[in-house]
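Geometric and topological summary
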Amino acid sequence: MMTQPKFLEQIAAYYIDSDRDMSGYTFVFPNKRSAMFLKKYMQERASRRSSTPLFMPRFVTMGRLMSRIAAVP
(Lines give C-alpha, C1' and ligand atoms only; values in the text may rest on other atoms or scores of the structure.)
Protein backbone atom coordinates (compact mmCIF):
# COMPACT_ATOMS: atom_id res chain seq x y z
CA MET A 1 0.00 0.00 0.00
CA MET A 2 1.44 3.37 -1.05
CA THR A 3 1.15 6.23 1.38
CA GLN A 4 0.32 9.69 0.14
CA PRO A 5 3.13 12.24 0.53
CA LYS A 6 2.84 14.65 3.41
CA PHE A 7 1.53 18.15 2.69
CA LEU A 8 4.96 19.81 3.00
CA GLU A 9 6.49 17.11 0.78
CA GLN A 10 3.89 17.97 -1.86
CA ILE A 11 4.74 21.67 -1.58
CA ALA A 12 8.45 20.90 -1.90
CA ALA A 13 7.82 18.75 -4.98
CA TYR A 14 5.71 21.48 -6.59
CA TYR A 15 8.34 24.19 -6.23
CA ILE A 16 11.43 22.07 -6.90
CA ASP A 17 9.91 20.36 -9.94
CA SER A 18 8.81 23.70 -11.42
CA ASP A 19 12.45 24.76 -11.97
CA ARG A 20 11.71 28.27 -10.71
CA ASP A 21 14.32 30.68 -9.43
CA MET A 22 13.22 30.78 -5.80
CA SER A 23 15.94 33.15 -4.60
CA GLY A 24 13.37 35.96 -4.35
CA TYR A 25 10.70 33.88 -2.59
CA THR A 26 9.93 34.01 1.11
CA PHE A 27 7.88 31.28 2.75
CA VAL A 28 6.06 32.34 5.93
CA PHE A 29 5.28 29.71 8.57
CA PRO A 30 3.46 29.65 11.90
CA ASN A 31 6.54 28.15 13.62
CA LYS A 32 10.17 27.12 13.10
CA ARG A 33 9.38 23.42 13.03
CA SER A 34 7.26 23.55 9.88
CA ALA A 35 9.85 25.76 8.16
CA MET A 36 12.56 23.27 9.07
CA PHE A 37 10.59 20.37 7.56
CA LEU A 38 9.84 22.16 4.29
CA LYS A 39 13.49 23.16 3.96
CA LYS A 40 14.52 19.52 4.57
CA TYR A 41 12.05 18.19 1.98
CA MET A 42 13.13 20.78 -0.58
CA GLN A 43 16.81 19.94 -0.09
CA GLU A 44 16.13 16.21 -0.40
CA ARG A 45 14.07 16.66 -3.56
CA ALA A 46 16.60 19.03 -5.14
CA SER A 47 19.51 16.67 -4.43
CA ARG A 48 17.69 13.80 -6.15
CA ARG A 49 16.78 15.93 -9.19
CA SER A 50 20.11 17.28 -10.29
CA SER A 51 23.59 18.21 -9.25
CA THR A 52 23.23 21.85 -10.33
CA PRO A 53 23.10 24.42 -7.52
CA LEU A 54 19.71 25.67 -6.45
CA PHE A 55 19.02 28.95 -4.69
CA MET A 56 16.62 28.26 -1.86
CA PRO A 57 13.92 30.68 -0.75
CA ARG A 58 13.94 32.44 2.60
CA PHE A 59 12.04 30.81 5.45
CA VAL A 60 10.57 33.05 8.15
CA THR A 61 8.09 32.60 10.98
CA MET A 62 4.99 34.73 11.31
CA GLY A 63 6.31 36.20 14.57
CA ARG A 64 9.60 37.28 13.01
CA LEU A 65 7.80 38.74 10.01
CA MET A 66 5.50 40.79 12.25
CA SER A 67 8.43 42.04 14.34
CA ARG A 68 10.24 43.13 11.16
CA ILE A 69 7.16 44.93 9.90
CA ALA A 70 6.59 46.62 13.29
CA ALA A 71 10.21 47.81 13.41
CA VAL A 72 9.85 49.75 10.15
CA PRO A 73 9.12 53.43 10.84
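The structure presented is a predicted model; accordingly, all values stated were derived computationally and were not measured.

**Some details on the overall build of the protein**
Along its length, the protein carries 3 helices and 2 strands. Going from the N terminus to the C terminus, the protein shows its helices and strands as α-β-α-β-α. The C-alpha atoms of the protein give a radius of gyration of 14 Å, which is well past the 11 Å a tight globule of 73 residues would have. Dimensions of the protein, computed from the C-alpha atoms along their principal axes, are close to 50 × 30 × 15 Å. Across the 73 residues of the protein, 25% fall into the buried class. Across the protein, every contact between residues at least 6 apart in sequence was considered, and the portion connecting residues at least 24 apart equals 70%. Per element, the accessible surface of the protein, about 5800 Å² overall, is 58% carbon and sulfur.

**Focus: the pattern of salt bridges**
One pass over the structure, following the stated rule, counts 2 salt bridges. Ionic pairing is found between D17 and R45, a salt bridge with its closest N-O pair at 2.6 Å. Highlighted residues: D17 in helix α1 (residues 7–17) and R45 in helix α2 (residues 32–49), separated in sequence by 28 residues. For D17, a relative accessible area of 33% corresponds to the partly exposed category. For R45, a relative accessible area of 28% corresponds to the partly exposed category. Residues K40 and E44 are paired through a salt bridge, measuring 3.3 Å at the closest nitrogen-oxygen approach. Taken as a pair, K40 and E44 lie in helix α2 at a separation of 4 residues, close to a single helical turn.

**Thoughts on the packing of α1 against α2**
At their nearest, the axes of α1 and α2 sit 9 Å apart, and the two run at 45° to each other. Accordingly, the angle class assigned to the pair α1 and α2 is oblique. In terms of crossing hand, the pair formed by α1 and α2 is right-handed. Between α1 and α2, the contacting residues are L8, E9, I11, A12, A13, Y15, I16 and D17 on the first element and S34, F37, L38, Y41, M42, R45, A46 and R49 on the second. Split into classes, the residues belonging to the contact of α1 with α2 amount to 11 nonpolar, 1 polar and 4 charged.

**Topic: the environment of G24**
Relative to the assigned elements, G24 resides in the loop between α1 and β1 (26–29). Remark: the alpha-carbon pair of G24 and K39, spanning 15 residues in sequence, is separated by 15 Å.

Reading the values: rules and limits
Note that residues are indexed from 1 along each chain, following the sequence as it is written. Restriction of local features to residues with pLDDT of at least 70 applies here, the model being predicted, together with a cutoff of 80 or more for giving and counting side-chain atom pairs; totals for whole chains, interfaces and linings are based on all residues. The side-chain figures draw on all heavy atoms in the structure; neither hydrogens nor water molecules are used. Counting from the N terminus, the helices are DSSP H or I runs at least four residues long and the strands are E runs at least two residues long. The atom set for the radius of gyration is the C-alpha atoms, and the globule formula is 2.2 Å times the number of residues raised to the power 0.38. The rule is simple: take the accessible area with a 1.4 Å probe, protein chains only, and divide by the maximum for that residue type; under 20% is buried, over 50% is exposed, in between is partly exposed. It only takes one pair of heavy atoms within 4.5 Å for two residues to be counted as in contact. The Shrake-Rupley method, run with a 1.4 Å probe sphere, supplies the accessible areas, and residue values consider only the shown protein chains as cover. Salt bridges are defined by distance alone: a side-chain nitrogen of Lys or Arg within 4 Å of a carboxyl oxygen of Asp or Glu. Structural elements are reduced to axes, namely lines fitted to C-alpha atoms, with helices fitted over the stretch in contact, and the angle between N-to-C directions of any two is expressed from 0 to 180 degrees. Oblique is the label for any angle not covered by the other classes, which are roughly parallel (under 35 degrees), roughly antiparallel (over 145) and roughly perpendicular (65 to 115). A crossing counts as left-handed when the near helix is turned anticlockwise from the far one by less than a right angle, and as right-handed when that turn is clockwise. Under this grouping Gly is polar, as are all residues other than the nonpolar Ala, Val, Leu, Ile, Met, Phe, Trp, Tyr, Cys and Pro and the charged Asp, Glu, Lys and Arg.

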